[in-house]
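Read off the chains here:
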Amino acid sequence: MNDHTRHILSILTAILLFGALLALAAPDARSLPMAGLFALLVTGALVFGIPAGGGEISLLPLVSAGALFLLGGPAAAVAVTLGAMGHGVARRLWPDLTGWPRASGGLALAGTTAANTIMLSGSVLAAGWVYAALGGSVPILPGNYLKPVAVASLVYLLVNYILAGVYFRTEGPRNFRRYLRELPIVVLYEAPTLIFAPLLALIFEGLGLGWFLLACAGLGVIAAVLRDQARARERLGRQVRELGGLQNVGRALAASLDLDETLNAVYAQVAELMPAENFYVALYNADADEVSFPLVVEEDRRRTGKSRRAANGLTETIIRRRQSLLTDPQGIEALRAQGMEVYGAMPVSWLGVPLLAGDEVLGMLAVQSYPRSGQPPQQFDEGHKGILETIAAQAATAIQNARLYARTDEDLTRRVQELNSILRTTREGLLLANPDLTVVAANRALADFLGLPLTALLHRSLLAAPADSEGACIAERIGYRNDELQQELALLGQSRGAFTRRAIEAPGPAAIPLERVVSPVLGAQENITGWLFVFRDLGEERRMARMRNELTHMLVHDLRAPLMVVEGGLNLIEFELEQGDPQRIPEHVNLALRGSQRMLDMIGNLLDISKLENGELTLRLEDAELPEWLEGLRQRFMPAALEAHIALTLELDAAIRPATLDMGLMDRVLANLVDNAIKFTPDGGRVTLSAQRGENHVQFAVEDNGPGIPEEAQAALFEKYRRVEGIVGRRGGNGLGLAFCKLAVGAHGGRIWVESKVGRGSAFYVWLPQAAPEEE
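These lines cover the structure that appears in this document, whether it is placed above or below. The shown structure was predicted, so the numbers you read here are calculated from the model rather than taken from an experiment.

Cut-off values and rules
- Residues numbered from 1 in each chain as written.
- Predicted model: local features only at pLDDT ≥ 70, side-chain atom pairs only at ≥ 80, totals over all residues.
- Heavy atoms only, no water.
- Helix = DSSP H or I, 4+ residues; strand = E, 2+ residues; numbered from the N terminus.
- Expected span 1.5 Å × (residues − 1).
- Polar contact = N/O pair within 3.5 Å; in protein donor to acceptor, adjacent residues only side chain to side chain.
- Phe/Tyr/Trp six-rings, centres within 6.5 Å; stacked < 30°, edge-to-face > 60°.
- Buried < 20%, exposed > 50% of the residue type's maximum accessible area, 1.4 Å probe, protein only.
- Lys NZ or Arg CZ within 6 Å of the ring centre and 35° of its normal.
- Axes fitted to C-alpha atoms, helices over the stretch in contact; angles between N-to-C directions.
- Left-handed = near helix turned anticlockwise from the far one by under 90°.
- Contact = heavy atoms within 4.5 Å.
- Nonpolar A, V, L, I, M, F, W, Y, C, P; charged D, E, K, R; others polar.
- Core = buried A, V, L, I, M, F, W, Y, C linked by side-chain atoms within 4.5 Å.
- Salt bridge = Lys/Arg side-chain N within 4 Å of Asp/Glu carboxyl O.

With 18 residues, helix H21 (residues 663-680) ought to run about 26 Å at 1.5 Å a step, and its terminal C-alpha atoms sit 26 Å apart, in line with that. Where H21 begins, the capping side chain belongs to Asp 662, and its oxygen is found 3.1 Å from the backbone nitrogen of Gly 664.

Our focus in this paragraph is the packing of aromatic side chains. Scanning the model with the defined rule gives five aromatic pairs in all. Ring geometry for Trp 753 against Tyr 765: centres 5.3 Å apart, planes inclined by 20°, an arrangement best described as stacked. Linking Trp 753 in strand S20 (residues 751-757) with Tyr 765 in strand S21 (residues 761-769), this pair joins segments that are 12 residues apart in sequence. Note on Tyr 765: relative accessible area 16%, which makes it buried. Lying over the aromatic face of Tyr 480, Arg 516 brings its terminal NZ or CZ to 3.7 Å of the ring centre.

Their axes nearest at 11 Å, the elements helix H20 (residues 626-643) and H21 cross at an angle of 35°. The two elements H20 and H21 meet at a crossing, and its hand is right-handed. Mapping the contact onto sequence places Trp 629, Leu 630, Leu 633, Arg 636, Phe 637, Ala 640 and Ala 641 in H20 and Met 663, Met 666, Asp 667, Leu 670, Ala 671, Val 674, Asp 675 and Ile 678 in H21. Classifying every residue of the contact of H20 with H21 gives 12 nonpolar, no polar and three charged.

Here the focus is the nonpolar core. With 47 residues, the main nonpolar core has Met 34, Phe 38, Leu 60, Phe 69, Leu 70, Leu 71 and Tyr 156 as its most contacted residues. Every element with two or more residues in this core is listed here: helix H2 (31-47), helix H3 (60-71), helix H4 (73-93), helix H6 (106-133), helix H7 (146-170), helix H8 (173-190) and helix H9 (197-207). Ranked by residue count, the leading element in this core is H3, at nine residues. In this view, Leu 60 contacts Val 42, Ala 45, Leu 46, Leu 120 and Tyr 156; residues no more than four positions away in its chain are not counted. Grouped together as the second largest cluster of nonpolar side chains are 43 residues, Leu 630, Met 666, Val 698 and Ile 752 included.

Further remarks concern the pattern of salt bridges. The final tally for this structure, using the stated rule, is 10 salt bridges. Ionic pairing is found between Glu 316 and Arg 308, a salt bridge with its closest N-O pair at 3.0 Å. Residue Glu 316 is classed as buried on the basis of its relative accessible area of 2%. In this structure, Arg 516 and Glu 488 form a salt bridge, with 3.6 Å as the shortest nitrogen-oxygen distance. Of this pair, Arg 516 sits in strand S13 (residues 513-522) while Glu 488 sits in helix H17 (residues 484-494), placing them 28 residues apart in sequence. We note that Arg 516, like Glu 488, is buried.

Below you can see the structure in the form of structure tokens.
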């Protein structure tokens, strides 16, 4: 139930109840003046009450029971109702006298006052009904009155505390628990006073009004003295709690270097020593001029606040002035008039202290008090300020230590992550051993080289076998025999900056060739703190060397053939000239020209591939009429197809739309694919060139029924200098054609792929993106 609803219900219930009470008490006009007198006594008892459990300890049960025994249930209920109302008015008009600060609004005060009237009048009515049922007389008379008085007093207390418990339960679990925790103390103070309630009534009946007023004055003095003593005990108890709490603060803050745990410990200790239902910690970042709120407590609910640029609020005022501030609404309004900004609701009392670590301000702590449900919000004082300053001094050191630890931990975590990233991503195998030859670090690459799980290497001696493994020790698996490892390390230990390099083979069926480099790890004092082993896969290097040799051989071979044609043509021209027969010279010239053109084409492919790889070739896009272009391409290759008895066909729609592309590059791409298809398709086969035009793409295909390409060879088919082993065409190639095709297609933003099965032919597809046609 929210506060507004609870207040409205309390007010309505109190009005109905008070109306009923007036109706019940109206016939007894004699009791009304005494009811007014008891109303004043009730107001006084409440004014001089001692706050406890969200309510107060007072002589109210004594006064209420006295009214019951003298006036009867209805009239006494009217008296306590008027007294509770008078107390509400006193709280509104004279807050300093009552010790209760003004409530946040009239509805909250009226609701709380109404709740008091319900509890008091309900308790008196229930006790009055029991008292009458047991034969108690009104007013009380000397004689046998013990039983009705005792039972009525007990009923009064029970009903009063039950109604109070129901009310506090509607305010939430925290207030209800607080009420239950302090209820025994309240009972201990209030219950014994009921013994004197019959005496108060008997004094009035037996000795008259004067003695009755004198007795009431004595009760007032007793209430004032008890309140002063209670306040003194409260101050003394608070000082004892503060001393013990400050010791706990130091122990709690020293127990952790985690910032969140430190802040939670700060709040826990503050809450032990003062009201901290509204509390927050602000940390200041001087470099960014920002304030963050890592811990905010609002009505006992914790959350993390949003960071903000340092503005001109109360928080920033404490941080910039580096001084504590204890203020109230009037003080805050004065600061607002000086230009300070106020965020959120106006507190009744506000206390903030800076967090200072030497000359550095880390932030601040603040506790705030707000009015709620008409209960008295806490007013912070100089004692609270001193305690919070002491806590802040200890907290600043703890927060600074936590920050330093967090930074160190972050740096260490980052270094570990960087090291793990290096170990995980490097292609070289790495092994780090301490001076005792125990493996302290290794990476996955080394484990793969050795054919072992990584966990089998870690924390094992190099002279021992890997974990869960039998046979050779780790040293033997990395290429050492007998005592070679100790000899090599001893030699390296004599010349600190030296290292050894040696080619080895990793054990296992793969027999991976490795290069092993060993060097000492030196500490700050140039002492050896460990040994670093680096293993590099020589297989790739040897494959590259073999590929370079094959490339050199291929280029020499491919260039020598056209050069020999050129040379042959020139020799024939020379021979014809010597013979004086020039008729065949043009034929020989054409032969030399074809050889030179072949060399130029090969060199041009190499240059274009280099430009495409470096992004230096600019596309010359134009709209190509596909039927005309592709038919011309087919006609160029018809002589070669006819010579091999191969059917070369073109398939496309007659109404196919033009495509935007670089005609020069794409003509060479399709020419390469058609040429390869004719080269590898057996006599009597077929080759089909086709094109399909979509809304946003164009796709070309070259299909044949040749020998097909093994699946394991297809992945590397478009790399430079790659040839499919075991497949021989009508003529050789240089291994550059498909690499050029892939780069040229990629320059258009497209893709090229092959679909093939051995013995069933191959299909090469080229997909190029196209702009969607504009709507008319």
